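# Working through the structure, step by step
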Amino acid sequence: AYLAVANLVKDQKADHAKRIAEFSIDAIEAASEVMVDEDDPSLGFVTIRVGFHSGPVISDVVGTRLPKYGMFGDSINTASRMESNSIAGRIHCSLESANLLRDQAPEIPLVSQGTLNIKGKGNMETYFVNETKL
């Protein structure tokens, strides 16, 4: 698992949903070019699933002996749930992120997944990013 965060400082442009979506698109493409095992091409290429959410977090350095930077809050849990409810090769996001993405990058298509029951969150409206309806 990998966690990326945008706009943790106050003086950044309000385009974090666009930047995370573009990063996600690029990450899926880059992963799909990496062979699972170069000695056994029949295993194919790496596929990843991506999920993101937009919302407040708290971040700080935790610990004194082995200090680590950590981020906490419901938004972290929601982003994790978006990833775990995604599908390999696809980008899944919350309604909050979809609304921001519509404003920040209207050229990136969104497809509603309707309302899903998300563990620990209840029913949530979610979207796949960078897709068109079939």
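Note that the structure is predicted; figures quoted are calculated from it, not measured. (Residues numbered from 1 in each chain as written. Predicted model: local features only at pLDDT ≥ 70, side-chain atom pairs only at ≥ 80, totals over all residues. Heavy atoms only, no water.)

## Remarks on the pattern of salt bridges
Summed over all chains, the structure comprises five salt bridges. The partner of aspartate 15 in a salt bridge is lysine 13, with the nearest N and O atoms 3.9 Å apart. When the shortest N-O distance is used, the salt bridge between aspartate 15 and arginine 19 registers 2.7 Å. On the accessibility criterion, aspartate 15 (16% relative accessible area) is buried. By sharing partners, the salt bridges in this structure join Lys13, Asp15 and Arg19 into a single network. (Salt bridge = Lys/Arg side-chain N within 4 Å of Asp/Glu carboxyl O. Buried < 20%, exposed > 50% of the residue type's maximum accessible area, 1.4 Å probe, protein only.)

## Quick look at the environment of serine 59
Counting through the fold element by element, serine 59 comes out in strand 2 (residues 58-62). Judged by relative accessible area, serine 59 falls into the partly exposed class, the value being 31%. Each C-alpha atom of the pair serine 59 and glycine 70 lies 5.6 Å from the other, and the pair is eleven residues apart in sequence. Beyond its immediate stretch of four places on either side in the chain, serine 59 contacts Tyr69, Gly70 and Met71. Within the structure, serine 59 has its side chain in polar contact with the side chain of tyrosine 69 (distance 2.9 Å). (Helix = DSSP H or I, 4+ residues; strand = E, 2+ residues; numbered from the N terminus. Contact = heavy atoms within 4.5 Å. Polar contact = N/O pair within 3.5 Å; in protein donor to acceptor, adjacent residues only side chain to side chain.)

## Some remarks on the environment of proline 67
In this fold, proline 67 is placed in the loop between strand 2 and strand 3 (68-72). Judged by relative accessible area, proline 67 falls into the partly exposed class, the value being 49%. Apart from residues lying up to four places away in sequence, proline 67 is in contact with Val61 and Val62.

## Here we look at the pairing of strand 5 (residues 110-118)
Relative to strand 6 (residues 122-129), strand 5 runs antiparallel, the two sharing eight bridges. Bridge pairing in strand 6 places asparagine 117 opposite asparagine 123. If you look at the hairpin formed by strand 5 and strand 6, you'll find three residues sitting between the two strands, and glycine 120 has a positive phi there, around 80°. (Pairing = 2+ DSSP bridges.)

## Remarks on the side chain of threonine 78
Secondary-structure assignment places threonine 78 in helix 2 (residues 74-84). Within the structure, threonine 78 has its side chain in polar contact with the side chain of lysine 121 (distance 3.2 Å). Here threonine 78 is in contact with His53, Lys121 and Met124, once residues within four sequence places are set aside.

## What to know about helix 1 (residues 16-31)
Given a rise of 1.5 Å per residue, 16 residues ought to cover 22 Å, and the 22 Å separating the end C-alpha atoms of helix 1 matches this to within 8%. Along helix 1, the residues that are buried comprise His16, Ala17, Ile20, Ala21, Ser24, Ile28 and Ala31. Projected down its long axis, helix 1 carries its buried residues within an arc of 135°, all on one side. (Expected span 1.5 Å × (residues − 1). Arc of directions from axis to C-beta.)

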